[in-house]
Amino acid sequence: MNISLSNNTSPLVTDLDCVVVPVYAGNLSGSAKQIDEASKGAISQLLALGHFYGRKSSTEILYHLQGVSTSRLLLVGCGNPYIFDSKVAGELAKTVAVELKKLKVASAEIWLLESLNDEQAAQQFISSLLDSQYELLDYKNKESTQSLETIALAGTNSEQGMRYGEGIASGVTLAKNLANHPGNICTPTYLAKTAKTLAKQHDKLSVEVLEEVDMEALGMGSLLSVSQGSVEPAKLIIMNYQGVDDGSQPIVLVGKGITFDSGGISLKPGGKMDEMKFDMGGAASVFGTMQAIVDMQLPINVVGVVASAENMPSSRATKPGDIVTSMSGKTIEVLNTDAEGRLVLCDALTYIERFNPKLVIDIATLTGACIVALGHHICAIISNNDNLADSIMSAGEQCQDKAWRLPMNSDFTKQLRSEFADLGNIGGPEGGTITAGCFLAEFTQKYTWAHLDVAGTAWSGKAATGRPVPLLTQFIINQL
Ligand code: BES
Ligand code: MN
Ligand code: ZN
């Protein structure tokens, strides 16, 4: 997609296929007024008919208007101009995407952000518009139905918002692609290759992949206990982005990358088991966020780590009751092999101590309980630091990728007691998202840390959403 700011001062003359102008409830925008005058009142006559009056997300198309060079004019109802914020901008972008697709236009001049000059709104508008174009056709004998190639934003100078919106959208696209690919294609090895390809394209990004022998040498008995039953070897993928040379401590992101979660010997029921290909959604969001950061060339240091394995039953698989030793030295009784996310994450969370992180955020499709609590709408935060939890929550509010903090205390940690090892890997059915967080908290005491449970938000119930790439990218932008 070719996106730019247009310095056109009037919507009357353009070479583009379609001009999109806002109509507020009760009054015309500046661009709509100019068109109304040039066309001898075409818009006011339309409004006089009464069915279109600027209600938010309503649309109307006018063809071949007198005095206007474009053949197609798309009017978009924007509601009350005083509540035209970034949330509304995102909603309108989706409306515009649907209408432009119907019109099969290749290029559009869009005036919706006219005289708004709100960087956040521009960011939201562009990221939503691009996100609406997403499709994965790799596995279908079908041509793309998307026609849009060029977008010119007119009446605004929100250059940075536009750039950030584009960066976030490219990250969301990568995250969606990775998560939507099936488990027979997107294996731990595939994720490792993706990281290497990304690093080849960008100077400031370097990649290291630890193989199972390397992890064995590091004592990662917990992570390796998950991949043990699968023919697919586990990978620990480390992506290091050096945006500044001042030796500042990096932000470290850690993603759960279970490329298929069958449950292992504690096998899941068959219904909807296909959905467990999305169990690398946390990892996908780490990839997506790294992609967004390198695209925008942000001046900050970020390390993205992905702990990737396939969780399968076999005669070599870990059994309920097996005890493993994590890299931290803590022993874990694997009471349920389906609570595997925490087993791969805990070793990755110990490994990253070596980066002397400024703060750490792990992202994981960790518990079904999280979907029960917050649905597919909001992801859960568990954190050992109030400031960090607050900043994550407000970054989510800013970019419409919401998160909500759940409490954590020693009452919940007690549920993880094991008869024979330092810790059990399950805490019973009560408070499942919190006890999973408490398990991870046992491995993150040396740094400022937050955990995002994205079991509900990384996929919509049908397909990958690319969340929480917007939240993570916004959070990192806010650290600049
Ligand atoms: N990957 C699942 C969590 C999940 C479930 C994500 C549904 C998305 C949709 C995770 O590995 C898991 O199986 N968790 C168990 C934990 C339990 C055994 C303590 C769960 O939530 O049932
Ligand atoms: Mn599981
Ligand atoms: Zn899982």
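Remember, predicted model here, so these are calculated numbers, not experimental data. (Residues numbered from 1 in each chain as written. Chains lettered and ligands numbered in written order. Predicted model: local features only at pLDDT ≥ 70, side-chain atom pairs only at ≥ 80, totals over all residues. Heavy atoms only, no water.)

Asks: Go over the site of ligand 1, please, and point to the residues and values.
Replies: Surrounding ligand 1, one finds 17 residues, the nearest of these being Lys268, Asp279, Asp338, Glu340 and Gly368. Asp279 has a polar side-chain atom sitting 2.8 Å from a nitrogen atom of ligand 1. Here Thr365 contributes a backbone N or O atom positioned 3.4 Å from a nitrogen atom of ligand 1. When ligand 1 is considered free in solution it has 520 Å² of accessible area, and contact with the protein chains removes 79% of it. Breaking the shell around ligand 1 down by element, the ones donating at least two residues are strand 10 (251-261) and helix 11 (368-374). Residue composition of the shell around ligand 1, by class: six nonpolar, four polar and seven charged. (Near = heavy atom within 4 Å. Polar contact = N/O pair within 3.5 Å; in protein donor to acceptor, adjacent residues only side chain to side chain. Areas by Shrake-Rupley, 256 points an atom, 1.4 Å probe, with all protein chains shown as cover. Helix = DSSP H or I, 4+ residues; strand = E, 2+ residues; numbered from the N terminus. Nonpolar A, V, L, I, M, F, W, Y, C, P; charged D, E, K, R; others polar.)

Asks: Tell me about the coordination of the manganese ion (ligand 2), and please be specific about residues and values.
Replies: Within the first shell, the manganese ion (ligand 2) binds the protein through Asp261 (OD), Asp338 (O), Asp338 (OD) and Glu340 (OE), at distances of 2.0 to 2.2 Å. Every donor counted, the six donor atoms about the manganese ion (ligand 2) form angles of 70 to 166 degrees at the centre, which fits irregular coordination. Within one chain, the residues serving as donors to the manganese ion (ligand 2) are arranged as D-x76-D-x1-E. For the pair the manganese ion (ligand 2) and the zinc ion (ligand 3), the metal-to-metal distance amounts to 3.1 Å, and Asp261 bridges them. Taken together, the residues span a long stretch of sequence, with Asp261 in strand 10 and Glu340 in the loop between strand 13 (331-334) and helix 10 (341-351) at a distance of 79 residues. Here Asp261 and Glu340 have matching classes, each one buried. (Donors = N, O, S within 2.8 Å, 3.2 Å for Na, K, Ca; no water. Tetrahedral: all angles 85-135°; square planar, octahedral: opposite > 155°, others 65-115°. Buried < 20%, exposed > 50% of the residue type's maximum accessible area, 1.4 Å probe, protein only.)

Asks: So what's going on with the packing of helix 6 (residues 188-201) against helix 9 (residues 281-296)? Which residues, and what values?
Replies: Running from amino to carboxyl end, helix 6 crosses helix 9 at an angle of 5 degrees, the nearest separation of the two axes being 12 Å. Judged by the angle between their axes, helix 6 and helix 9 are roughly parallel. Along the contact surface, helix 6 presents Leu191, Thr194, Ala195 and Leu198, while helix 9 presents Phe287, Met290 and Gln291. Each residue belonging to the contact of helix 6 with helix 9 can be placed in one class, and the counts come to five nonpolar, two polar and no charged. (Axes fitted to C-alpha atoms, helices over the stretch in contact; angles between N-to-C directions. Parallel < 35°, antiparallel > 145°, perpendicular 65-115°, else oblique. Contact = heavy atoms within 4.5 Å.)

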